[in-house]
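Residue-level structural notes
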Amino acid sequence: MSAPSLPPLCDLLVTGTDTGVGKTWVTAALAAACIEAGQRVGVLKAAQTGPDDDAAWIAARVPGIVARTALRYEAPVAPVVAARLEGAPEPGLEPILAAAGELRTVTDGILVEGSGGLLVPINERETFADLALALGLPLLIVARPGLGTLNHTALTLEVARARGLAVAGVVVCGTSADPDVAERTNLTELRRLAPLLGALPHDPGGWPAPAMVPA
């Protein structure tokens, strides 16, 4: 098994600056790095919405990983909205916290993957920021490389810091072989905002991922 040379950060909540930024890809890369470093790590998809199965995708690519999903809904929307559309009870943090607790009994650390961004509502009162607080986990923020990422990343960081959440760092996912001027300069600017752990391409159809470019 080969994986990007991410640092072995093995106890985190992985969030994004938006949906589709590569959280699952980065979570898999982190999990592989942790296992290669000799750590027993579990992956928890807090709330899976839509037809994808992120935990299963990671489990199929990272041998030795323990992967679980706490909440699952059919509609590809925020958990609170998906539950409403299905006529299901409003989701709470309790099933996610319980699943995380179970994983901790068999692992050294857990990587909890959120849905979309930090303020996506889990229910009408709580977001993934509240989940991070309840779990006591620092954040790893996955950001896009191109135009707009400075604002999106700064907004995510501002919310995190206002909520008292620790930020382990930022990973830029989806770098291109021929970057434009925004992508070429964004890594430098992102370093001014938070620890930048690196950048890597994003190919959802392939694994292992190419090696991460050091930040």
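In this report, the structure presented in the accompanying data block is examined. (Residues numbered from 1 in each chain as written. Predicted model: local features only at pLDDT ≥ 70, side-chain atom pairs only at ≥ 80, totals over all residues. Heavy atoms only, no water.)

With that out of the way, let us pick up the overall build of the protein chain. Within the protein chain, the regular secondary structure consists of seven helices and seven strands. Principal-axis analysis of the C-alpha atoms places the extent of the protein chain at approximately 45 × 35 × 30 Å. Sequence-distant contacts, at least 24 apart, represent 76% of the contacts inside the protein chain between residues at least 6 apart. Total accessible area computed for the protein chain in this model is approximately 9,300 Å², and 54% of it derives from carbon and sulfur atoms. (Helix = DSSP H or I, 4+ residues; strand = E, 2+ residues; numbered from the N terminus. Contact = heavy atoms within 4.5 Å. Areas by Shrake-Rupley, 256 points an atom, 1.4 Å probe, with all protein chains shown as cover.)

What follows is about the pattern of salt bridges. Scanning the model with the defined rule gives nine salt bridges in all. For arginine 144, the salt bridge goes to aspartate 18, with nearest N and O atoms at 3.4 Å. Remark: aspartate 18 occurs in the loop between strand E1 (12-16) and helix H1 (23-36) and arginine 144 occurs in the loop between strand E5 (139-143) and helix H6 (149-162); sequence separation between them is 126 residues. On the basis of relative accessibility, which here comes to 32%, the residue aspartate 18 falls in the partly exposed class. Ionic pairing is found between lysine 45 and aspartate 54, a salt bridge with its closest N-O pair at 3.0 Å. Lysine 45 sits in the buried class, given a relative accessible area of 5%. Connected through salt bridges with shared partners, the residues Lys45, Asp54 and Glu113 form a single ionic network. (Salt bridge = Lys/Arg side-chain N within 4 Å of Asp/Glu carboxyl O. Buried < 20%, exposed > 50% of the residue type's maximum accessible area, 1.4 Å probe, protein only.)

With that settled, consider the layout of surface pockets. Any space left empty among the atoms is revealed by the rolling of a water-sized probe across them. The space that makes up the largest pocket amounts to roughly 570 Å³. Elements supplying a minimum of two residues to the lining of the largest pocket: H1, strand E2 (41-49), helix H2 (54-61) and strand E4 (109-117). Sorting elements by how many residues they give to the lining of the largest pocket places E2 first, with four residues. In the lining of the largest pocket, the residues fall into nine nonpolar, nine polar and six charged. (1 Å grid on protein atoms, 1.4 Å probe; cavity = no way out; pocket = protein on both sides within 12 Å on 5 of 7 lines; lining within 4 Å. Points joined across faces, edges and corners; volume = space filled by probe spheres on them. Nonpolar A, V, L, I, M, F, W, Y, C, P; charged D, E, K, R; others polar.)

Okay, the environment of valine 172 next. You can see valine 172 is positioned in strand E6 (residues 167-173). Given the relative accessible area of 0%, valine 172 is considered buried. Excluding residues within four positions of it along the chain, valine 172 makes contact with Ala143, Arg144, Pro145, Leu187, Leu190, Leu196, Gly198, Ala199 and Leu200.

Across a sheet, strands are paired by hydrogen bonds formed along the backbone, either parallel or antiparallel in direction. Read across the sheet, seven strands follow the order E3-E2-E4-E1-E5-E6-E7 without closing on themselves; strand pairing throughout is parallel. Edge positions in the open sheet fall to strand E3 (66-73) and strand E7 (196-200), since each of these has one partner strand only. Between one strand axis and the next, the sheet turns through 20° on average, direction left out of account. The sheet contacts of H1 involve E1, E2, E4, E5, E6 and E7, and relative to E4 the element is tilted by about 170°. (Pairing = 2+ DSSP bridges. Axes fitted to C-alpha atoms, helices over the stretch in contact; angles between N-to-C directions.)

Inspection of the secondary structure assignment puts glutamine 48 in strand E2. Relative accessible area serves as the criterion here: at 2%, glutamine 48 is assigned to the buried category. Looking at glutamine 48, its side chain comes within polar contact range of the main-chain oxygen of aspartate 52, at 3.2 Å. When residues no more than four places from it in sequence are discounted, the contact partners of glutamine 48 are Asp53, Asp54, Ala55, Thr69, Leu71, Arg72 and Tyr73. (Polar contact = N/O pair within 3.5 Å; in protein donor to acceptor, adjacent residues only side chain to side chain.)

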